[in-house]
Amino acid sequence: MKSTCRYLTMFWLFIVGYSATFTAVAQEPVEAMKTEFTVSGVVRDKESRKKLENVAVSLVGTPIGTVTNAEGVFSLKIPHMDTIPQLELSHIGYMNARFSASAPEGSNNMHATILMIPIALQLNEVVAYGNSARSIVEEALERIPKNYPSGESMTSAFYRETVQKGHRYISISEAMLDVYKTSYRQRTSDRDKVQIDKARRLLSQKQSDTLGVKVVGGPNLPLFMDVVKNAYALFDEETLDYYSFVQEPSVFIDDRLQYVISFRPRVKLDYALYVGRVFIDREHLAFTRAEFELDLSDRERAIAAILYKKPLGLRFRPLKVSFLITYRQHDGVTCLNYICNEMCFKCDWKRRLFSSSYVARSEMVAVDREEHPERVIARRDAFKPYQVFYDIVKEYWSEDFWKDYNIIEPTESLEDAVKKLRKQM
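Computed from a predicted structure; not experimentally measured.

Brief notes about the packing of aromatic side chains
Okay, so step 1: In this structure the tally under the stated criterion is 16 aromatic pairs.
Okay, so step 2: Centroid distance F158 to W402: 5.6 Å. Interplanar angle 85°. Geometry classified as edge-to-face. Pair noted here: F158 is in strand 9 (residues 153-165) and W402 is in the loop between helix 5 (389-392) and helix 6 (412-424), with a separation of 244 residues, a long-range link.
Okay, so step 3: The class of F158 is buried, set by a relative accessible area of 0%.

Here you go:
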């Protein structure tokens, strides 16, 4: 019987509140790539003009990329290239968009507004595969060794975690990570490691914003919530029996038709399961996207799945625990691209009238990837299961901290929060 903890990330995220291109050699200075110019822009739906979140933006012919923020904004540092760089954007339900990127003469910056065209899918009827929706998932699991990296890899990733009390940010931390992964053939993360290259943080200095709660999360998110690499994260031969599957209407991702399979628990266990959807490429039968939430129908089991420690007398009530994982194809291989974990919960103290609402959000985007790396992450340098990310970050906010690194652009609300928190320092 698998334990609940193995389904989640098993790593502390330190909550406080009331009641992307580089492989650094361990213990050596980190050098960012020297960029030629920066391309920034905003991505919108061509018809509605709605700003599009989580659009994958990649430099064609390279593993370099990023994603748009909640306001549809992105920026990408472009290294020197012999040809005019081409950027490609992909998003669920839209045609891929591609454009040439070149800065105006005398400038190191280019700004663009990109309009993505929604795809009107004409397939009203659901095309069945085999005998059931579960058959699609089973076949996709069998093809993981063929569709995903067969050797070792090192991914450079940008990581951000934030905590909000109500609508106010009380904690912001960011980092560049090296993520070492072994072959996907074994579907285990036992030998995979994460190393923090560079990080910074801000914390509310108000005493009323001080409360220690330890919940699942942290920089090891790309190891334990890579649902393709880590069999314990979502599906394997045993856990398939715990769910019922339904095939939904197909959609397009990256100009490719996708099966959409929804799932929900069909049994009750001594730990919480998930409710959600997986997206599977119809031609290659590769997992390309997973959206799911922790089943909160049994509150005690849900709390046991995410809460590790809280102060005596504090009541903790989860409202939502969601995950989004996306994969992107490069050179015929499907690779991890983006992970987002959002946890909403309420806390109150016994014999006190009011409760406080919190949102803890962690996200990681792969900004570059190297196959068959010359080095692996040494055990002494890896982020440990017992470590708290916020506690080991010593650098405070500074304007030019990231320099030429590729990151996820902050939203306006996050930029405003940084300004307010810095005033408290």
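Next comes the rest of the description.
A closer look at the environment of P410
Okay, so step 1: Looking at the secondary structure, you find P410 in the loop between helix 5 and helix 6.
Okay, so step 2: Spatially, the C-alpha atoms of P410 and N69 are 6.8 Å apart, while their sequence positions differ by 341 residues.
Okay, so step 3: Sequence-distant contacts of P410, that is, excluding residues within four places in its chain, are made with N69, R160 and E415.

Thoughts on the sheet that holds strand 4 (residues 65-67)
Okay, so step 1: Here we have 4 strands laid out as an open sheet, ordered 4-3-6-7, and antiparallel in their pairing. Every interior strand has two partners, whereas the edge strands, strand 4 and strand 7 (97-100), have only one. Strand-to-strand twist across the sheet, computed as the mean angle between neighbouring axes with direction ignored, equals 20°.
Okay, so step 2: Of the pairings in the sheet, the one linking strand 3 (residues 56-59) to strand 4 comprises 3 bridges and is antiparallel in character. For V57, the partnering residue across the bridge sits in strand 4 and is T66.

Some words on helix 4 (residues 299-306)
Okay, so step 1: Where helix 4 is concerned, the buried positions are A302, I303, A305 and I306. The arc enclosing the buried residues of helix 4, seen along the axis, measures out at 160°, which places them on a common side.
Okay, so step 2: Next to the buried residues of helix 4 lie strand 12 (213-216), strand 16 (287-294), strand 17 (307-309), strand 18 (314-330) and strand 19 (333-349).
Okay, so step 3: Looking at where helix 4 begins, the residue whose side-chain oxygen comes 3.2 Å from the main-chain nitrogen of E300 is D298.

Concerning the nonpolar core
Okay, so step 1: With 72 residues, the main nonpolar core has V137, F235, V278, I280, F287 and F292 as its most contacted residues.
Okay, so step 2: Apart from the residues lying within four places of it in its own chain, the contact partners of F287 are V137, A140, L141, I144, Y148, V228, V278, F279, I280, Y327 and T334.
Okay, so step 3: F37, L52, L89 and Y94 belong to the second largest nonpolar core, which has 21 residues in total.

Examining the pattern of salt bridges
Okay, so step 1: Counted under the stated rule, the structure contains 22 salt bridges.
Okay, so step 2: We note a salt bridge from K181 to D226, for which the minimum N-O separation is 3.1 Å. Pair noted here: K181 is in strand 10 (residues 168-181) and D226 is in the loop between helix 3 (221-224) and strand 13 (243-253), with a separation of 45 residues, a long-range link.
Okay, so step 3: Residues participating in the shared-partner salt-bridge network are E53, R160, E174, R200, E342, R361 and E363.

How each quantity is defined
Residues numbered from 1 in each chain as written. Predicted model: local features only at pLDDT ≥ 70, side-chain atom pairs only at ≥ 80, totals over all residues. Heavy atoms only, no water. Phe/Tyr/Trp six-rings, centres within 6.5 Å; stacked < 30°, edge-to-face > 60°. Helix = DSSP H or I, 4+ residues; strand = E, 2+ residues; numbered from the N terminus. Buried < 20%, exposed > 50% of the residue type's maximum accessible area, 1.4 Å probe, protein only. Contact = heavy atoms within 4.5 Å. Pairing = 2+ DSSP bridges. Axes fitted to C-alpha atoms, helices over the stretch in contact; angles between N-to-C directions. Arc of directions from axis to C-beta. Polar contact = N/O pair within 3.5 Å; in protein donor to acceptor, adjacent residues only side chain to side chain. Core = buried A, V, L, I, M, F, W, Y, C linked by side-chain atoms within 4.5 Å. Salt bridge = Lys/Arg side-chain N within 4 Å of Asp/Glu carboxyl O.

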